Amino acid sequence: MREEATELSFGRYLAAKKAVAAYGLSEKFEEEYVQAVCVGYPRVSGVVPDVSIGQGGSMATQQPPVADEQSAEEIIWRLRIVLPVQYRARLASRLRELQKAVQGEELDSGGIAVGSLRNFVELLKAHPALRCPAVSVTPDRNIYASWKSGADRVFSIHFLPDGKVRFVIFRPNDKHPGQAIRLSGTATVDVIIGVAAPHGVLAWASE
Amino acid sequence: MKGDVIPDPDHVARYCGASTVDEGKIQAAAFMLRERDAYLSVNWLEKLRGPDRAGQVGELQKLYATKLQVGAKARMAILNVGTVRYKVENESPDKWVLRVLHEFEDDDPSHSGIYGIPYDGREIAAELIAQVILENYPARA
């Protein structure tokens, strides 16, 4: 029920966003739309977890996406619900900015690779103690996330669309002050934190 | 001339698209190779006509505007050739030796390339290069 209501709300969000763009209205559309939902705008389903969900609105605006063909836009929309409140708005804003940048940089670009973005969000969802990373996009349109504390503490993950990740770790060599240990490798998104944790990365990558 | 080795004391500039800049800080993704790339594309600053850094930056901003879709937040990273080569050779897992060569183009006479970055080591090379950025400037005038 909650998923269905979320799909309906996203459908209305997309329809409303297109209308806003068509009429050249507010640039702060997303913020205003979320506020309208939260204050119980008439006939709009709530998307706040653990709140009783009601139905309403016109059938004409319902556009549930196919599960395997989520767009980058929908993934960015969903992360407002599934990621920690401390940074989800900031991260959503950053990802929207990146999506626009990637689409603007290459005329035929479809934007950020959807599989890569999905895997990135899944990692943050599975590890809510991780801090919000610095996020950029590689030339292949994949997400590249970095957690850093100075030049000798680096943990970066390159999210490939197929569930694999490539990672880099720089950390101090505790037995030889002034020297660093530098590692790189490949793994999958579901194990990467377990692979990296023994190297002490959570000391600077998590709260 | 095309193929000339750019000497270590000289400098190059790397265009960093807005998607590689986070809160004004250039990320390692700006220095990452694509699989089809033979080299990392840069511009040789000492080949430009500008007499000083400000002049060189202005010339590159004009060049970028003719070749690229330059976002408002795009930057250019200035690197010293010798520092980049030393950093990567000394701190990469297999002591990669980079060469920076002039790749003259009719519409881009200062165009050059950083060769020797292995595709399978692109992330670690990119992180090392990002650590030795000397200066950065807006890519758009």
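Look up: the structure comes first, before these words.
1. Regarding the interface of chain A and chain B
Phase 1 of the analysis: Listed by partner, the interface residues are 29 residues for chain A and 23 residues for chain B.
Phase 2 of the analysis: Scanning the region where chain A abuts chain B turns up six salt bridges.
Phase 3 of the analysis: One salt bridge connects Arg182 of chain A with Glu91 of chain B, and the closest N-O pair in it is separated by 2.8 Å.
Phase 4 of the analysis: Across the chain A-chain B interface, the total number found is 14 residue pairs in polar contact (both at pLDDT 80 or more).
Phase 5 of the analysis: Every element with two or more residues in the side of chain A that touches chain B is listed here: α4 (88-105), β1 (134-137), β2 (143-148), β3 (154-159), β4 (164-172) and β5 (180-188) of chain A.
Phase 6 of the analysis: Looking at the side of chain A that touches chain B, the element that brings in the most residues is α4 of chain A, giving seven residues.
Phase 7 of the analysis: For the side of chain A that touches chain B, the per-class residue count stands at 15 nonpolar, seven polar and seven charged.

2. Description of the packing of aromatic side chains
Phase 1 of the analysis: All told, the structure shown has four aromatic pairs over all chains when counted by the stated rule.
Phase 2 of the analysis: Judged by centre distance (5.0 Å) and plane angle (65°), the ring pair of Tyr15 of chain B and Tyr64 of chain B falls under edge-to-face. Of this pair, Tyr15 of chain B sits in strand β1 (residues 11-16) while Tyr64 of chain B sits in helix α1 (residues 53-67), placing them 49 residues apart in sequence.
Phase 3 of the analysis: Aromatic side chains Tyr39 of chain B and Tyr115 of chain B sit 5.1 Å apart centroid to centroid with 45° between the ring planes, which places their arrangement in the tilted category. Placement of the pair is Tyr39 of chain B in the loop between β3 (25-26) and β4 (40-44) and Tyr115 of chain B in strand β7 (residues 111-115), with a sequence separation of 76 residues.
Phase 4 of the analysis: Given the relative accessible area of 21%, Tyr39 of chain B is considered partly exposed.
Phase 5 of the analysis: Arg182 of chain A extends its terminal NZ or CZ atom over the ring of Phe170 of chain A, reaching a point 5.5 Å from the ring centre.
Phase 6 of the analysis: Looking at Arg122 of chain B, its charged tip hangs above the ring of Tyr119 of chain B, at a distance of 3.8 Å from the centre.

3. A word on the packing of helix α3 (residues 72-82) of chain A against helix α5 (residues 114-126) of chain A
Packed helix pairs are characterised by how far apart their axes lie and by the angle those axes make with each other.
All names here are of chain A.
Phase 1 of the analysis: It is the contact of α3 with α5, at a shortest axis distance of 10 Å, that shows an interaxial angle of 5°. In terms of orientation, α3 and α5 fall into the roughly parallel class. Of the residues in α5, those touching α3 at Ala72, Ile75, Ile76, Leu79 and Val82 are Val114, Leu117, Arg118, Val121 and Lys125.
Phase 2 of the analysis: Partitioned by chemical class, the residues of the contact of α3 with α5 number eight nonpolar, no polar and two charged.

4. So, the environment of Ala18 of chain B
Phase 1 of the analysis: Secondary-structure assignment places Ala18 of chain B in the loop between β1 and β2 (21-22).
Phase 2 of the analysis: C-alpha separation for the pair Ala18 of chain B and Gly82 of chain B, spaced 64 residues apart in sequence, amounts to 27 Å.

5. Observations regarding the pairing of β2 of chain A
Residue and element names in this part refer to chain A.
Phase 1 of the analysis: Taking burial as the measure, the six residues of β2 include five buried ones, the bulk of the element.
Phase 2 of the analysis: Relative to β2, β1 runs antiparallel, the two being bridged by four bridges. Residue pairing across strands places Val137 opposite Ile143, the latter belonging to β2.
Phase 3 of the analysis: Hairpin connection, β1 to β2: the antiparallel pair is bridged by five residues, and Arg141 has positive phi, about 70°.
Phase 4 of the analysis: Of the strand pairs in this sheet, β2 and β3 are connected by five bridges, and their pairing is antiparallel. Paired with Tyr144 across the bridge in β3 is His158.
Phase 5 of the analysis: The hairpin formed by β2 and β3 contains five residues between the paired strands, and Gly150 there has a positive phi angle of roughly 80°.

6. Regarding the nonpolar core
Phase 1 of the analysis: Counting residues in hydrophobic clusters, the biggest one holds 38 residues, and the most contacted among them are Leu95, Leu117, Phe120, Trp147 and Phe155 of chain A.
Phase 2 of the analysis: The contacts of Trp147 of chain A, once residues within four sequence positions are left out, are Leu123, Leu124, Leu130, Arg131, Cys132, Pro133, Arg153, Val154, Phe155, Ile157, Trp204 and Ala205 of chain A.
Phase 3 of the analysis: Core analysis: the second largest hydrophobic core is formed by 35 residues, Ala77, Val81, Leu128 and Val132 of chain B among them.

7. Quick notes on the sheet that holds strand β5 (residues 75-80) of chain B
Residues and elements named next belong to chain B.
Phase 1 of the analysis: Across the sheet, which stays open at both edges, the six strands sit in the order β6-β7-β4-β1-β5-β8 with antiparallel pairing between neighbours. Either end of the sheet is taken by a strand with one partner, and the two such strands are β6 (99-102) and β8 (135-138). Put simply, the sheet's adjacent strands are angled 35° from each other on average, direction ignored.

8. A few points about α1 of chain B
Every α-helical turn comprises 3.6 residues, leaving residues that sit three or four positions apart pointing alike.
Phase 1 of the analysis: Between the first and last C-alpha of α1 of chain B there are 21 Å, a value that for 15 residues agrees with the 21 Å anticipated at 1.5 Å per step.
Phase 2 of the analysis: The secondary structure elements touched by the buried residues of α1 of chain B are β1, β4, β5 and β8 of chain B.

9. Some words on unusual backbone geometry
Phase 1 of the analysis: In the Ramachandran plot, Arg141 of chain A falls in the positive-phi region, its phi being about 70° despite a non-glycine side chain.
Phase 2 of the analysis: Mapped onto the elements of the fold, Arg141 of chain A is located in the loop between β1 and β2.
Phase 3 of the analysis: For Arg141 of chain A, a relative accessible area of 29% corresponds to the partly exposed category.
Phase 4 of the analysis: With a phi angle near 50°, Lys95 of chain B is a residue other than glycine that sits in the positive phi range.
Phase 5 of the analysis: By secondary structure assignment, the location of Lys95 of chain B is in the loop between α2 (81-91) and β6.

About the thresholds
Residues numbered from 1 in each chain as written. Chains lettered and ligands numbered in written order. Predicted model: local features only at pLDDT ≥ 70, side-chain atom pairs only at ≥ 80, totals over all residues. Heavy atoms only, no water. Contact = heavy atoms within 4.5 Å. Salt bridge = Lys/Arg side-chain N within 4 Å of Asp/Glu carboxyl O. Polar contact = N/O pair within 3.5 Å; in protein donor to acceptor, adjacent residues only side chain to side chain. Helix = DSSP H or I, 4+ residues; strand = E, 2+ residues; numbered from the N terminus. Nonpolar A, V, L, I, M, F, W, Y, C, P; charged D, E, K, R; others polar. Phe/Tyr/Trp six-rings, centres within 6.5 Å; stacked < 30°, edge-to-face > 60°. Buried < 20%, exposed > 50% of the residue type's maximum accessible area, 1.4 Å probe, protein only. Lys NZ or Arg CZ within 6 Å of the ring centre and 35° of its normal. Axes fitted to C-alpha atoms, helices over the stretch in contact; angles between N-to-C directions. Parallel < 35°, antiparallel > 145°, perpendicular 65-115°, else oblique. Pairing = 2+ DSSP bridges. Core = buried A, V, L, I, M, F, W, Y, C linked by side-chain atoms within 4.5 Å. Expected span 1.5 Å × (residues − 1).

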